[in-house]
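Letter by letter, the chains look like this.
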Amino acid sequence: MAQTKSTDVKATVVDEQGSPLSGAAVFSSSGDKATSDANGQFQIPLLSDESVVIEKKGYESELVDMSDLAGTITLVKSPFLASEDDEIKMGVATKVRRDIVGAVSSINTRDRLTYDNTQWVRDYINGLTPGVRGSDNIRGIGSAIFVIDGVIGRDPDILNMEEVEQITVLKDANSVALYGSQGRNGVIVINTKRGQVNKKEINVNIRTGIKAPRALPNYLSSAAYMTLFNEARNNDGLDDLFDPAEILEFRSGSNAYKYPDVDLYSNEFVQPFINSTSIISEFSGGNEKNQYYVNVGWTSEDAWVDINDDINAGTNRFNVRGNIDFKINDWITSSLDGIAIISTTKSSRADLLSEGTTFKPNTYSPFIPVDLVDISDSTVAGQLQAARKFNGFLLGSTQQFGTDAPIALAVAGGYRNTVFRSTQFNNTINFDLNRITKGLTAKTYLSFDFYDSYNLSINNQYKTYAPGWEGDRVTNFGINNDDPLNPFADNSGIFGEDLKDQTENVSTNGFVSRFGIYGLVNYETSFAKDHALSTTLLGYYNSQKTNDVIQTDVDAHLGFQVAYNFKKKLFFDFSGTYVNSLKLAEGNRGGLSPTSGVAYILSEEPFLKDSKFFNYLKLKASGGIIKSDQGIDGYYLYDSNYSEGNNFTWADTNANRRQNISQGQNLNLGFEERIDLNIGFESYVMNSLWLEFNYFKTELDKQVDFLDAQYPSYYDTFRPYNNFNKNEYTGFEIGMNYNKTYNDFSMGIGANVLYSQTKALKRSELNEFDYQNRVGRELSSIFGLVDQGFYAESDFDTDGNLNAGQPVPNFGNVQPGDIKYQDQNGDNIIDNNDRIEIGQSSSPWSYGVNLNLKYKAFNLYILGTGQTGADGNKLSSTYNNYYSVNGDVKYSEVTLGRWTPETADTATFPRLSSQNNSNNFQTSSFWLFDTSYFTINRAQFTYEFNDNLTNKLGMEDLSLNLQGTNLLEIAKNKDIRQLRIGSSPLTRSFTLGVRASF
């Protein structure tokens, strides 16, 4: 029977030389804690069967039974970068930082979350990890695969940062080798928190704040739009559409319902700010045999558009994560992890942010005040009596829109509730096989994930009204007496019925299910005193099924790793995989991916061993080939592709169906290859500055594509896919962290820089002009026309024709004020042959800087990121028609800079046209803009309460923080960069947070 009364136990902690160690933390399994004093002594209450964990940074921790606590406990000092705090969990393997050969960067979050309390994983990656552009693009190669708790392909967006213990980025081929085909673009490993022996913790993080738009679209008012549209028609030789007298009425605003000026991005529809709140709690603990961790969270955020009084619009997210590690017997341990997430987003059935890009301000008034309706007519009085009213208004519309009026749909059409659910499960079993051979271990890993989304909706019907005006009164619904050119039939201005849906409708958005399993066998040994060897053999299988997709995605490979070190200063690594792909023909589905690496800790040599400048210096190099099918977009690309075509009739009237072919057969189609070289160093100098540098050169070879130059044009549909294209990525990355403490003041400065230059090395091209070839150019090159300003009136003769000698555009007739382009090939015609490289969409330079200042209980943290060297295109779909104001579309503020004879010298926009003007809206240098920027991603001010107060409150730690995100941006074109058209805006937020530990 266990003893219930505790006994105070005293002991002394010393180092290997017998010197006392102060500040060592002591944890009992019952939750008591103690700290060694200046003499290394501590006292802690223990039960007779308890053990304690003793820890100190830089030393190996010890688990000591109560019976062994008498006298002194010796802690062994860890080699630099080889302590438990330096463990890097690389998904399928764990190493200490000192032993790693490849290009690997890692962030431990436990100490950072107090002063950098953001909750999004991608925000933590951006700007803090060398070699990463944005949140997942490693070295410009492409989006990396995420590995979460050993499971390849999980989504990091469903995590909150409180769950995360460590984020590790694997960048070179040697580091990603064990991930096989899926590791082609690099790997980002995220490990979540787990319970620790004898450490009971309860943590609560509460955050609440507001978000405000950084920018919103600015469309013209009714009067301005009508005036400029008349101008556009006049430019096309057409008469005014809008009467100038009517425009004056719209401009005066004398009757906002008869002469509406509707802006769906105004505060009437879009909230000036929204509220967000999150509450996250953690519970963890355990003893030598069992450890547990639980994370429970709730996040709520308002919707930007919330005009339906019957809907509590916004998003609510609930998450539960739990894991348990347990000891089955002396040689088997296991763990179980379970995650459940449900997120609901409730909104009206109309997307007003999207509708706002096309809804013209003068179209109609969405609301008609009841008190403006003249009920002297009994018919109108009856209609008004039967009408459903919304805060004293009827829902407005026109004959053109009827019941499709977007604002009426938002107000009265019911709601849509989108539900996302995620369920994840994984199980690990670890085997200690020392009984068979010393140093032999094995591990199995099983995971299952299921994601699905569906919509719940109430689809109400409703009436809308097109008013007929006499003066400032609505006298009927259907006949507009003030507009005799547009008479409606009696009552034709009332649309729909007022009927509430009695049934909640369900529709699916699809599901994804994933099953994964892998097994590891590890063997570690040392020999002849100074030599150590470790080997790993991995078998991996992963399948993913998506609804409405017949083919299941399958990834499978065998992996191996052999690592050798001499005196813990010279390291060799040989790793690789034998991959398998169902995307290739039988007999050609396997491929070997070999990689190797070497590292040398130069600071261990006698000439640097006692250096006061270099505390640590490691040189490293790695290279290899990763064979992958990740760039092969689809299955059966190796086979002929036939489909049934149209019917044709023979002379004897018999009919047959054509057989079409879209690709030929190539059974030799093989893997794409990543060929990689990395050379770098890591260094710690003057006990305060950490530096890491990597030069990299990567080639993506044998990429799959059709070959244009191999076959004649008439053979086009018979062309097979081939392994041909080749890209090159070269550059370097630098990471730096400087930390210094002066009494009560400490300072940390971090920075990282990535330079990545890409190039197309090999393409099958048949361009007539060399300047249109992609070979030798940046992969993200933008090809287009070079603008020469606007055509002037002097460029045309009196008949409106271009003067002799002027290149003739092939994109339609032009007038003064249209964009003039440069003739590149001298044929005196402007056409697609005049497109050249005019910019690039990817930034070669990206960087991040962070500053952490702490004085006593106060802490200030600032993170900034930036990119330079890239261009954006205003004609891209991102901006909808905001900049490409062409024909009969809504007019934005950019049209105010249009060309007219009076503004010819200052115009920033071509002449307006009510027709489709294809000449002006070709991709060209006119529409490109510099996307370079530097932004303060976030800044946080934190106050940590002292121990006296927290002890009185029964807490371990308590802190308050105020955080701001996207506070400042320095950019030449920030007004363009920050704009989002037709979707939720980019935001600036301010959040107040409380963190407490018990």
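Quick summary incoming for the structure in this document. What you see is a predicted model, and the numbers here were worked out from it, not measured in a lab.

1. Remarks on the environment of N323
Argument step 1. Within the fold, N323 resides in strand 20 (residues 314-327).
Argument step 2. Accessibility expressed as a relative area gives 5% for N323, which makes it buried.
Argument step 3. Separated by 14 residues in sequence, N323 and D337 place their C-alpha atoms 4.2 Å apart.
Argument step 4. Non-local contacts of N323, meaning those with residues more than four positions away in its chain, are made with K193, R194, G195, Q291, Y292, Y293, L336 and D337.
Argument step 5. Looking at N323, its side chain comes within polar contact range of the main-chain oxygen of K193, at 3.0 Å.

2. Here's the deal with empty space enclosed by the protein
Argument step 1. This structure, assessed with the given rule, holds 5 cavities of 30 Å³ or more.
Argument step 2. When its residues are assigned to classes, the lining of the largest cavity shows 9 nonpolar, 4 polar and 2 charged.
Argument step 3. In this structure, the second largest cavity occupies an estimated 90 Å³ of space.
Argument step 4. Every residue along the wall of the second largest cavity is listed here: R110, K193, R194, G195, Q196, K199, E201, N203, E282, F283, S284 and Y293.
Argument step 5. Looking at the lining of the second largest cavity, the elements that each hand over two or more residues are strand 17 (201-213) and strand 18 (274-286).
Argument step 6. By residue number, the principal contributor to the lining of the second largest cavity is strand 18, which donates 3 residues.
Argument step 7. Of the residues that constitute the lining of the second largest cavity, the class distribution is 2 nonpolar, 4 polar and 6 charged.

3. Here's the deal with the pairing of strand 24 (residues 414-432)
Argument step 1. Examined bridge by bridge, strand 21 (residues 332-348) and strand 24 share 17 bridges and lie antiparallel to one another. Considered in strand 24, the bridge of T333 is made with N430.
Argument step 2. Bridging between strand 24 and strand 25 (residues 440-459) involves 19 bridges; their strand directions are antiparallel. Of the residues in strand 25, the one forming a bridge with N426 is S447.

4. Some details on the sheet that holds strand 5 (residues 51-55)
Argument step 1. Overall, antiparallel pairing links the 4 strands, which are arranged 3-2-5-6 in an open sheet. Single-partner strands in this sheet number two, and they are strand 3 (33-35) and strand 6 (62-65). Between one strand axis and the next, the sheet turns through 25 degrees on average, direction left out of account.
Argument step 2. Where strand 5 meets strand 6, 4 bridges bridge the pair, whose relative direction is antiparallel. By the bridge assignment for strand 6, S51 is matched with D65.

Reading the values: the criteria
Residues numbered from 1 in each chain as written. Predicted model: local features only at pLDDT ≥ 70, side-chain atom pairs only at ≥ 80, totals over all residues. Heavy atoms only, no water. Helix = DSSP H or I, 4+ residues; strand = E, 2+ residues; numbered from the N terminus. Buried < 20%, exposed > 50% of the residue type's maximum accessible area, 1.4 Å probe, protein only. Contact = heavy atoms within 4.5 Å. Polar contact = N/O pair within 3.5 Å; in protein donor to acceptor, adjacent residues only side chain to side chain. 1 Å grid on protein atoms, 1.4 Å probe; cavity = no way out; pocket = protein on both sides within 12 Å on 5 of 7 lines; lining within 4 Å. Points joined across faces, edges and corners; volume = space filled by probe spheres on them. Nonpolar A, V, L, I, M, F, W, Y, C, P; charged D, E, K, R; others polar. Pairing = 2+ DSSP bridges. Axes fitted to C-alpha atoms, helices over the stretch in contact; angles between N-to-C directions.

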